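An overview of the molecular structure
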Amino acid sequence: MQLTYQLDLFPECTVTLLLFCDVKNAGELRKKAMEGSINGALINATMVVDPFQLLVAANKAVHLHKLGKMKTRTLCTEIIFNLSPNNSISEALKKFGISDNDTSILIVCVEEGEKRMNPEDLVSQVDGHQVSFDKLPEITDETKLRKTYKLTPREEKIGTLLESIICRMSTKDVL
Amino acid sequence: MAAVPETGSEEGEAVAGTSGLTVPKKQEHEREREREREQELERERERSRDFLQSLELVKQGAEARVYRGRFLGRAAVIKERFPKRYRHPVLDMRLSRRRTVQEARALMRCRRAGISAPVVFFVDYASNCLYLEDIEESLTVRDYIQSIHITESDPEKLSLLARKMGQVLAQLHDEDVIHGDLTTSNMLLKLPVEQLNLVLIDFGLSFISALPEDKGVDLYVLEKAFLSTHPNTETMYQELLKSYSSESKKSGPVLKKLDERSSVSEILQGLQG
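Remember, it's a predicted structure, so these values are computed and weren't measured experimentally. (Residues numbered from 1 in each chain as written. Chains lettered and ligands numbered in written order. Predicted model: local features only at pLDDT ≥ 70, side-chain atom pairs only at ≥ 80, totals over all residues. Heavy atoms only, no water.)

**Thoughts on the domain arrangement of chain B**
Accessible area lost when the parts come together is the quantity often used to give the size of an interface. Residues and elements named next belong to chain B. Once the domains are mapped, chain B shows domain 1 (29-133) and domain 2 (138-267). Put simply, the middle of domain 1 and the middle of domain 2, counted by C-alpha atoms, are 28 Å apart. With 15 residues of domain 1 at the interface, the matching set in domain 2 holds 17 residues. Regarding the contact of domain 1 and domain 2, the summed buried area is about 1,300 Å², with carbon and sulfur atoms giving 60% of it. Where domain 1 meets domain 2, there are 1 salt bridge. Note that Lys79 is salt-bridged to Asp202, the shortest N-O span being 2.8 Å. Our enumeration of links across domain 1 and domain 2 arrives at 4 residue pairs in polar contact (both at pLDDT 80 or more). Here the side of domain 1 that touches domain 2 gets 6 residues from one element, more than from any other, and that element is helix H2 (residues 89-112). A per-class count over the side of domain 1 that touches domain 2 returns 7 nonpolar, 3 polar and 5 charged. (Domains from an automatic or database assignment. Contact = heavy atoms within 4.5 Å. Buried area = accessible area lost by both parts, 1.4 Å probe. Salt bridge = Lys/Arg side-chain N within 4 Å of Asp/Glu carboxyl O. Polar contact = N/O pair within 3.5 Å; in protein donor to acceptor, adjacent residues only side chain to side chain. Helix = DSSP H or I, 4+ residues; strand = E, 2+ residues; numbered from the N terminus. Nonpolar A, V, L, I, M, F, W, Y, C, P; charged D, E, K, R; others polar.)

**With respect to helix H4 (residues 155-174) of chain B**
Residues and elements named next belong to chain B. Helix length check: H4 (20 residues) gives 28 Å between terminal C-alpha atoms against 28 Å at 1.5 Å per residue, within 8%. All buried positions along H4 are accounted for by Leu158, Ser159, Leu161, Ala162, Met165, Gly166, Val168, Leu169, Ala170, Leu172, His173 and Asp174. At the exit of H4 stands Asp176, carrying a positive phi of roughly 60 degrees. (Expected span 1.5 Å × (residues − 1). Buried < 20%, exposed > 50% of the residue type's maximum accessible area, 1.4 Å probe, protein only.)

**Digging into the packing of aromatic side chains**
Counted by the stated rule, this structure contains 7 aromatic pairs over all chains. Between Phe52 of chain A and Phe121 of chain B the ring centres are 5.2 Å apart and the planes differ by 80 degrees, which places this aromatic pair in the edge-to-face class. In this pair, Phe52 of chain A is assigned in helix H2 (residues 51-67) and Phe121 of chain B in strand E4 (residues 120-124), connecting two distinct chains. The exposure class of Phe52 of chain A is buried, given its relative accessible area of 4%. By relative accessible area, Phe121 of chain B is classed as buried at 5%. Aromatic pair Phe226 of chain B and Tyr237 of chain B: ring centres 6.1 Å apart, planes at 55 degrees, arrangement tilted. In this pair, Phe226 of chain B is assigned in helix H5 (residues 212-229) and Tyr237 of chain B in helix H6 (residues 234-247), connecting sequence segments 11 residues apart. (Phe/Tyr/Trp six-rings, centres within 6.5 Å; stacked < 30°, edge-to-face > 60°.)

The following block contains the structure:
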């Protein structure tokens, strides 16, 4: 049910995506993440429109991590930060990270090398249902996305929601 | 000029200066970190080179190399502004970096204004590589015009295309984006061509400017490129300008500048005669 990818530029890295809905223990998970006992980035699934969005965020995070130039302190927070269209870290974590009453959660795990974590370890910690990514369109909140990314109607005429989002994610440091 | 507090083991000996200060361990740490950064940078640059080598090289220019391949599951075009050995290294880095940044910025600005241009997937500032969407299933306006000339020579089709081009360029200039290298090879038509879905590409020489002069030059470059690549298309270009003029809110001064430049150019040509 989870999706696994290899980053083209970093073939030694594997990215695993897991989607959960009807989550009841978001608060607990958030605390665990802050303590560092969950080795994945916890993301508000309503702000995700396609796995590609997460791959782009993860790729940039790993790139900066390897250069020692991340803007945040950990790879996981960097992934969350990269989803945001602006450069405020706290705002990014608030909007794209999870809050205590979120019910749809997406977890992104980046692993290097041979060691592969057992997804069950993560799934067992989530009090909710793991679902396939086919369900993502039902979870995505397009209105909130348009507002957060400040998408213009002119832009939507020339491309998809995903394309507008990716563009903003990748060029936010030069605008 | 504070003395650095010693913690734990005495690595990096404290050298007593005349005032009793230690050689700042901090400085040594910083130099160490700098060296690490440089190593990391070089390692990542090599990684980029290795990755690009595995892709299909599409174009080798003086400024950049263009590759095609897959990136994170999508068809992508990667533009690499490689180091130029004939330039001073610091200058080279700054120039390549600046041009990469300008290109990314122009692309984003276009999209925000509803002008079709490739999506930016990733910007690698360490190697000055731009990872862009590959516009598949398309042909250049250049090839389209040539195919029409060869097959059917339908003036109506060219007229519609000209009008569309004028409209898109008007939008571009109204956003104060100067393309810098307008040619019919830098404009793509997504299939089916009848839809006239025009996409601008190669913003490598682009910059932001509100000056009518700069916009005039942009159009002038296109005129020269147009007429040299596609003979007997003077009417087509005039239609383009007409469309540009009616679509753009700021076209008056631009066309005036263009006119001035054309006159100067004609005078110069006459002198060369």
